[in-house]
Amino acid sequence: MQPGEDIHEKLDNMKLGKAFKKGFLSDSIAQIYKDYKVQRTSDFLDDLKELGYTVCTTSGLTIGVEDIPTITDKTIKNIFEIFQSLLTLIMVSQRLQIVF
């Protein structure tokens, strides 16, 4: 970019890579594991994490406490109800000797 160039025009005219489709990253990791096993896959994931950290840091992306959702009383009540239902299901299945 040259001094005096309009950054908005430059950004509008940039060619961007295509967005990853759903499952692309997990499929890629699975293929790396299949071809190279644990150590190389671990190295790749470490490098990917470091790249993400570097890009976020240099781009100025930040995440604050306010960005993290909070759990409401309603959510806790729903989780408790689900837990009670699962517990009841387990107890009934043990009485009927059902194996999942």
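Calculation rules
Residues numbered from 1 in each chain as written. Predicted model: local features only at pLDDT ≥ 70, side-chain atom pairs only at ≥ 80, totals over all residues. Heavy atoms only, no water. Helix = DSSP H or I, 4+ residues; strand = E, 2+ residues; numbered from the N terminus. Rg over C-alpha atoms; globule rule 2.2 N^0.38 Å. Buried < 20%, exposed > 50% of the residue type's maximum accessible area, 1.4 Å probe, protein only. Areas by Shrake-Rupley, 256 points an atom, 1.4 Å probe, with all protein chains shown as cover. Lys, Arg positive; Asp, Glu negative; His and termini not counted. Charge placed at Lys NZ, Arg CZ, Asp CG, Glu CD. Polar contact = N/O pair within 3.5 Å; in protein donor to acceptor, adjacent residues only side chain to side chain. Contact = heavy atoms within 4.5 Å. Expected span 1.5 Å × (residues − 1). Bend = angle between axes of the 7 residues up to and from the residue. Patch = residues over 30% accessible without salt bridge, like charges linked within 9 Å, V, L, I, M, F, W, Y side chains within 5 Å. Salt bridge = Lys/Arg side-chain N within 4 Å of Asp/Glu carboxyl O. pLDDT = per-residue confidence, 0-100.

Novice: Looking at this structure, how should I read the overall build of the protein?
Specialist: Check the secondary structure of the protein and you find three helices and zero strands. Listing every helix and strand of the protein by position from the N terminus yields α-α-α. For 100 residues, the compact-globule formula gives about 13 Å, and the C-alpha radius of gyration of the protein, at 24 Å, lies well above that figure. Seen through its C-alpha atoms, the protein measures out along the principal axes to roughly 75 × 45 × 20 Å. In the protein, which comprises 100 residues, the share counted as buried stands at 3%. On the protein, roughly 10000 Å² of surface is accessible, and the fraction owed to carbon and sulfur atoms is 62%. Positive and negative side-chain charges of the protein, numbering 12 and 14 respectively, have mean locations separated by a distance of 12 Å.

Novice: Help me understand the environment of Ile-32 in this model?
Specialist: Structurally, the position occupied by Ile-32 is in helix α2 (residues 24–59). As for Ile-32 and Ser-42, which are separated by ten residues in sequence, their C-alpha atoms are 9.7 Å apart.

Novice: Even after reading the chapter, I still don't get the side chain of Thr-41, so can you show me in this structure?
Specialist: When you line up the elements, Thr-41 lands in helix α2. A polar atom in the side chain of Thr-41 sits 3.4 Å from the backbone nitrogen of Tyr-33. Sequence-distant contacts of Thr-41, that is, excluding residues within four places in its chain, are made with Ile-29, Ile-32 and Tyr-33.

Novice: What's the story with α2 in this structure? I'm lost.
Specialist: Along its 36 residues, α2 runs just 24 Å from first to last C-alpha, ending more than 12% under the 52 Å computed at 1.5 Å per residue. Lys-37 marks where α2 bends most, by close to 130°. Among the residues trailing α2, Gly-60 stands out with phi positive, at a value near 85°.

Novice: Hey, could you run me through unusual backbone geometry in this one?
Specialist: If a residue is not glycine, its phi is most likely negative; likewise, a peptide bond is most likely trans. Although it is not a glycine, Lys-37 sits at a positive phi angle of roughly 70°. Mapped onto the elements, Lys-37 comes out in helix α2.

Novice: Sorry if this is basic, but what is going on with a negative patch on the surface here?
Specialist: Where like charges cluster on the molecular surface, the negative patch consists of Glu-5, Asp-6, Glu-9 and Asp-12. Topologically, Glu-5 is positioned in the segment before α1 (7–12).

Novice: Explain the confidence of the model for the protein to me, please; I cannot follow it from the model alone.
Specialist: Detailed reading of the predicted coordinates is not advisable wherever pLDDT falls low. Across the protein, the average pLDDT comes to 84, with 95% of residues at 70 or higher. Element-level pLDDT for the protein is lowest in α1, with a mean of 82, against a maximum mean of 90 in α2.

Novice: Just checking my understanding: could you explain a nonpolar patch on the surface for this structure?
Specialist: A cluster of nonpolar side chains, Phe-20, Phe-24, Leu-25, Leu-45, Leu-48, Leu-51 and Val-55, forms an exposed patch at the surface whose accessible area comes to about 640 Å². With respect to the helices, strands and loops of the structure, Phe-24 is situated in helix α2. On the accessibility criterion, Phe-24 (39% relative accessible area) is partly exposed.

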